[in-house]
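Report on the structure
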Amino acid sequence: MPDPAEQLQKIYVAGFELKVFDRFPKCVGVVRDECIALLVPGTDGLQMLGTPGWQMGEALGVLVETGGRRVFQAKGEIIEATPERLEALRHFREDLQQLLRPTL
């Protein structure tokens, strides 16, 4: 099993910011370009809890469809899911998944 401390160091060196949130004491937040994911310990080291989203203050805005358009929503706040934001989120997710993948 990969060492979570080593994984976090690798993620940090790759340009991601690490955050802790009072609301999620067992998770580590990973942020880059306003995209955010929550990481938790798993059987194969750290893994993403749910899907990454858009950072909206201290909350994670999830990608949803409402009224025929895609938006990031956290509680009552909504941010448009522009093509640029969706592309940033795609890169964020792919890069983070690559960093979390166990190496042999």
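This section reports on the structure supplied with the text. Keep in mind it's a predicted model, so treat the numbers as computed, not measured.

1. Examining unusual backbone geometry
A positive phi angle, close to 70°, is found at Glu34, a residue other than glycine. Positionally, Glu34 belongs in the loop between strand E2 (24–32) and strand E3 (35–42). On the accessibility criterion, Glu34 (49% relative accessible area) is partly exposed. Phi angles above zero are rare outside glycine, and Lys75 is one such case at about 55°.

2. A few points about helix H2 (residues 83–100)
The terminal C-alpha atoms of H2 lie 26 Å apart, and with 18 residues this matches the ideal 26 Å at 1.5 Å per residue to within 8%. Those residues of H2 not exposed but buried are Leu89, Phe92, Leu96, Leu99 and Leu100. Buried residues along H2 cover an arc of 100° about the axis, so they all sit on one side. Among the exposed residues of H2, those pointing more than 90 degrees away from its buried face are Pro83 and Glu84. Those residues of H2 that are buried lie in contact with helix H1 (4–13), E2, E3, strand E4 (45–56) and strand E6 (69–74).

Rules of the game
- Residues numbered from 1 in each chain as written.
- Predicted model: local features only at pLDDT ≥ 70, side-chain atom pairs only at ≥ 80, totals over all residues.
- Heavy atoms only, no water.
- Helix = DSSP H or I, 4+ residues; strand = E, 2+ residues; numbered from the N terminus.
- Buried < 20%, exposed > 50% of the residue type's maximum accessible area, 1.4 Å probe, protein only.
- Expected span 1.5 Å × (residues − 1).
- Arc of directions from axis to C-beta.
- Contact = heavy atoms within 4.5 Å.

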